[in-house]
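Per-entry structural report
Listed below, chain by chain, are the residues.
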Amino acid sequence: MITPSQVYRSTRSSDEKTYSFEDVVIQGLATDGGLFLPPVIPQVSQETLFGKWAKLSFQDLAFEIMRLYVSQDEIPDADLKELITRSYSTFRSSKVTPLAKNVTGDKENLHVLELFHGPTYAFKDVALQFLGNLFEYFLQRTNKDLPQEQRKKITVVGATSGDTGSAAIHGLRGKKDVSVFILYPTGRISPLQEEQMTTVPDKNVQTLSVKGTFDMCQDIVKAIFGDKEFNTRHNVGAVNSINWARILSQITYYFYSYFQATGGKSERVKFVVPSGNFGDMLAGYFAKKMGLPIEKLVIATNENDILDRFLKTGLYERSDEVAATYSPAMDILISSNFERFLWYLALENLAQGDALKAGEICNNWFHQLKTTGKFLVDKAILEGASKDFASERVSNSETLDTIKNMYQVSENPRHYILDPHTAVGVCATQRLIAADNDNSIKYISLSTAHPAKFADAVNKALSSFDSYSFERDVLPEELKKLSVLDKKIKLVERADLKLVESIIDEECSKMGL
Ligand SMILES: *Cc1c(COP(=O)(O)O)cnc(C)c1O
């Protein structure tokens, strides 16, 4: 049996067309430019939540949640369980995403949800470890009885300014019938980021170091997606943050951390999330709509504040230029996943709850965004958004001050060191704690990266302390070891589409794909 939350549609479509979970995962983006979503969000009763789910392990909870969005006809129970277990076996913590409780002592109720215990020390591992296994699962099922030349393959191509690339590579390494090519600008990513990507020995992975800027790399990737002939030949796939399976796998830690913070009881809880493309935050929205009694979801942005401006004015407007901040993974002009949230808001606001009409409204907004760079929503829509969300904008200097302050005042553990993205969230959380002044509220601030990944900002904040040493206090042994491993780098002399395509052609045939 298939339930309404196991059938998907596009945010921009006003027809009846629906998609299966497999379509949605493999295709990534709808052909009309919209994002896939389940038009109906499944409901979980309070008895189930606090009687049953509150006691589950991370993996068992992930199973219960995903089961609601993926029909058994597509992935049977045993297979889904196996996929989940395998995906999270690569994490260094048995809790997968552990909660650092009361980091500033018992007064503030400030808990930090550590999402960085996966293979690349970044929150994107939670989603990409699962997505990689899912790609392989669907491909192997399609290819089961086919001869070599008819097997379906996926060539994943992406550009990275540092962080996403390594999480994608570690999610896809060694997967059958999948190859992965990640472009990055030569000399413009940190040595550690380069080591994390280029020391992976698997044959199906190739990093391309391109002479040029990150924007040039990104333009090449976009052009590859637009090259029909190349695309058909290689079946080019994307693993960027608009893939629905990434959102789905992130819902789990909202439930899990809520139960850890409250001891499995229903209490007042606010989540604060350092946001860029809104993928992490959107998973929290699903948790809330499914029935988890979250009091507020708080978006923390850096100086690239399109989301903060929207929540204050109802105007969604892209700025002309992206500001370079200490939290580069949040340096975005447009939050792609926000479109999904807007679709649900449009639906809620319609008398009949008509999904076709919601698609039409959403399509109009994004058409305006494309042609004029902005759109304004009705007051009712903005009020709807403010029911679930609040937002805070955090400056560069506040980011460094927060790292410094937390180092000084933290009690559990002493000298807790935040990465700059996490610091944006914690700064916003501390503002809320002061404004609310209510110790019946618990705060869960999401930590999206290990501080070792952003050495420059962390050192800038902490190097004046005599007691501080990056090598000793921050850098994990496992990452120290990378510097002595062999690097597999392919240099691309010019930022040129045809050159990159010919290299991918050549490398794929070497890989036997
Ligand atoms: C990707 C990323 C974010 C932003 O997450 P979104 O889902 O894009 O909002 C924040 N911090 C780090 C370290 C990231 O890698």
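Note: the structure precedes this text.
Here goes a summary of the coordinates provided. The shown structure was predicted, so the numbers you read here are calculated from the model rather than taken from an experiment.

1. Notes on the site of the ligand
As a matter of local geometry, the ligand sits amid 15 residues, with Lys124, Gly276, Asn277, Asp280 and Thr448 nearest to it. Contact between the ligand and Asn277: an oxygen atom at 2.8 Å from a main-chain N or O atom of the residue. Look at the ligand: alone it shows 380 Å² of surface, and the protein chains cover 97% of it. When grouped by side-chain class, the residues that make up the shell around the ligand number 6 nonpolar, 6 polar and 3 charged.

2. Observations regarding the packing of aromatic side chains
Tallying each qualifying case throughout the model produces 37 aromatic pairs. In this arrangement the basic side chain of Lys17 is found over the ring face of Tyr19, its NZ or CZ atom lying 4.8 Å from the centre. One Lys or Arg, Arg92, reaches over the ring of Tyr121 and ends 3.6 Å from the middle of that ring.

3. Digging into the sheet that holds strand β4 (residues 110–114)
Each strand in a sheet pairs with its neighbour through backbone hydrogen bonds, running either in the same direction (parallel) or in the opposite one (antiparallel). If you trace the 6 strands from one edge of the open sheet to the other, you get β3-β4-β14-β9-β10-β13, paired in mixed fashion. Each having just a single partner strand, β3 (99–100) and β13 (389–393) make up the two edges of the open sheet. Bridging between β3 and β4 involves 2 bridges; their strand directions are antiparallel. Bridge assignment links Leu99 to a residue of β4, and that residue is Leu113.

4. Digging into the pairing of strand β9 (residues 268–274)
Burial analysis of β9 places 6 of its 7 residues in the buried class, the great majority of the element. Where β9 and strand β10 (residues 296–301) come together, 5 bridges link them in parallel fashion. Bridge pairing links Pro274 to Ala300 in β10. Remark: the β9/helix α11 (residues 279–290)/β10 crossover connection has right-handed handedness.

The rules we used
- Residues numbered from 1 in each chain as written.
- Predicted model: local features only at pLDDT ≥ 70, side-chain atom pairs only at ≥ 80, totals over all residues.
- Heavy atoms only, no water.
- Near = heavy atom within 4 Å.
- Polar contact = N/O pair within 3.5 Å; in protein donor to acceptor, adjacent residues only side chain to side chain.
- Areas by Shrake-Rupley, 256 points an atom, 1.4 Å probe, with all protein chains shown as cover.
- Nonpolar A, V, L, I, M, F, W, Y, C, P; charged D, E, K, R; others polar.
- Phe/Tyr/Trp six-rings, centres within 6.5 Å; stacked < 30°, edge-to-face > 60°.
- Lys NZ or Arg CZ within 6 Å of the ring centre and 35° of its normal.
- Pairing = 2+ DSSP bridges.
- Helix = DSSP H or I, 4+ residues; strand = E, 2+ residues; numbered from the N terminus.
- Buried < 20%, exposed > 50% of the residue type's maximum accessible area, 1.4 Å probe, protein only.
- Right-handed = clockwise from strand over helix to strand, strands pointing away.

Keep in mind that these numbers describe shape and distance, not what the molecule does.
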